[in-house]
Amino acid sequence: MFERFKQKHDRTPKGATDRVPPGQYVTEKFPVLQYGSVPSYQALEQTWDLRVWGEIESPQTFSFAEFRALPAITIKTDIHCVTRWSKLDTTWTGVQFKEFLKHIPALKPSAKFLLAHCEQGYTANVPLEVMEDDEAMLAYKFEAQELEPEHGFPLRLFVPHKYFWKSAKWLRGLEFLPEDKLGFWERYGYNNHADPWQEERYSDE
Ligand SMILES: Nc1nc2c(c(=O)[nH]1)N[C@H]1C(S)=C(S)[C@@H](COP(=O)(O)O)O[C@H]1N2
Ligand SMILES: [Mo]
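Below is a short write-up of the structure.

The rules we used
Residues numbered from 1 in each chain as written. Chains lettered and ligands numbered in written order. Predicted model: local features only at pLDDT ≥ 70, side-chain atom pairs only at ≥ 80, totals over all residues. Heavy atoms only, no water. Salt bridge = Lys/Arg side-chain N within 4 Å of Asp/Glu carboxyl O. Helix = DSSP H or I, 4+ residues; strand = E, 2+ residues; numbered from the N terminus. Buried < 20%, exposed > 50% of the residue type's maximum accessible area, 1.4 Å probe, protein only. 1 Å grid on protein atoms, 1.4 Å probe; cavity = no way out; pocket = protein on both sides within 12 Å on 5 of 7 lines; lining within 4 Å. Points joined across faces, edges and corners; volume = space filled by probe spheres on them. Phe/Tyr/Trp six-rings, centres within 6.5 Å; stacked < 30°, edge-to-face > 60°. Core = buried A, V, L, I, M, F, W, Y, C linked by side-chain atoms within 4.5 Å. Contact = heavy atoms within 4.5 Å. Near = heavy atom within 4 Å. Polar contact = N/O pair within 3.5 Å; in protein donor to acceptor, adjacent residues only side chain to side chain. Sits in = over half its atoms within 2 Å of the grid points. Nonpolar A, V, L, I, M, F, W, Y, C, P; charged D, E, K, R; others polar. Pairing = 2+ DSSP bridges. Axes fitted to C-alpha atoms, helices over the stretch in contact; angles between N-to-C directions.

**A few points about the pattern of salt bridges**
Oppositely charged side chains can pair when the atoms bearing their charge come close. For the coordinates displayed, the defined rule picks out 10 salt bridges. In this structure, the salt-bridge partner of Asp134 is Lys98, at a minimum N-O distance of 2.5 Å. Residue Asp134 is found in the loop between α5 (128-131) and β8 (137-142), and its partner Lys98 is found in helix α4 (residues 97-100); the two are separated by 36 residues along the sequence. Owing to a relative accessible area of 32%, Lys98 belongs among the partly exposed residues under this scheme. The salt bridge involving Glu199 is made with Arg201; its shortest N-O contact spans 2.9 Å. The exposure class assigned to Arg201 is buried, which follows from its relative accessible area of 2%. Taken together, the shared-partner salt bridges connect Arg19, Asp78 and Asp89 into one network.

Next comes the structure, spelled out in structure tokens:
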């Protein structure tokens, strides 16, 4: 019994157990996971933009340059994938979601949920309440480098307090909704709340 406990915990860096949610193991690697293929872009100013619409005074579109001109922050935090890997002390740069809201038309009082729209139709839903978190952001750098294409270049949602599928890669749109609407994995049986500390992995749990 003790041996099994020890083996399990030996894979975790010293002092980090309180940072590893139940059922997760720590990896130094950065696994790549997605449904579909990795998009590639030629000239971002022509081929990429970010649209915001829904429960907002008027829709808005950011070009690549406009988006990158927004004030950015860098944070260090841990990420947790539902496939059981966690990665500690990852550094991300981007626009904090709370800050982003200051640069778009006012949300209507009816705006309660966010649906992220990505290339190839991938979606992920998050309550706006969760996006108010200090660490929730629209991220474009990992460890001070531009995101790799397979990790979401040129922009991904970043919601580290939820399982990582909510951190939608290749972001193209943000839709503000009055009611929750399930995203891609949420429709396929994953838990809508997706809190790693509660082990909310699947919807029937
Ligand atoms: N657009 C898009 N974003 C996505 C996915 C996807 O299939 N498409 N997969 C999600 C899942 S299941 C995980 S675990 C993380 C993985 O991010 P990574 O490949 O950078 O580790 O991306 C999430 N974002
Ligand atoms: Mo995932």
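**Quick notes on the layout of surface pockets**
Computed from the structure, the largest pocket encloses a volume of approximately 490 Å³. Lining the largest pocket are 28 residues, with Leu33, Gln34, Tyr122, Trp165 and Trp185 sitting closest to its centre.

**Here's the deal with the packing of aromatic side chains**
Applying the stated rule across the entire model yields 26 aromatic pairs. Aromatic pair Phe67 and Tyr140: ring centres 6.3 Å apart, planes at 80°, arrangement edge-to-face. In this pair, Phe67 sits in helix α3 (residues 64-68) while Tyr140 sits in strand β8, placing the two residues 73 residues apart along the sequence. Classification of Tyr140 as buried rests on a relative accessible area of 6%.

**Focus: the nonpolar core**
One finds Phe67, Trp92, Phe100, Leu157 and Leu174 to be the most contacted residues of the largest nonpolar core, which totals 52 residues. Tallying contributions element by element places β8 first for this core, with 5 residues. Excluding anything up to four places from it in sequence, Leu157 contacts Leu114, Ala116, Val126, Met131, Met137, Leu138, Lys166, Ser167, Ala168, Leu171 and Leu174.

**Digging into the site of ligand 1**
Near ligand 1, the surroundings consist of 20 residues, among which Pro31, Tyr35, His151, Arg156 and Lys169 are the closest. The backbone of Leu33 places a nitrogen or oxygen atom 3.0 Å from an oxygen atom of ligand 1. Contact between ligand 1 and Ser167: a nitrogen atom at 3.2 Å from a main-chain N or O atom of the residue. Of all the cavities here, the one that holds ligand 1 is the largest pocket. Across the shell around ligand 1, the residue classes tally to 14 nonpolar, 3 polar and 3 charged.

**Describing the sheet that holds strand β11 (residues 171-177)**
Strand pairs in the sheet, formed through backbone hydrogen bonds, run parallel or antiparallel to each other. Taking strand neighbours across the sheet as the criterion, the 5 strands line up as β3-β2-β11-β6-β7 in an open arrangement whose pairing is mixed. In this open sheet, the two edge strands, each paired with only one partner strand, are β3 (60-63) and β7 (123-127). Geometrically, the sheet is characterised by an average inter-axis angle of 15° between neighbouring strands, direction not taken into account. Note that strand β2 (residues 49-54) and β11 share 4 bridges and pair parallel. In the sheet register, Arg51 faces β11, and the bridge partner there is Gly173.

Bear in mind that shape data such as this cannot, by itself, settle questions of function.
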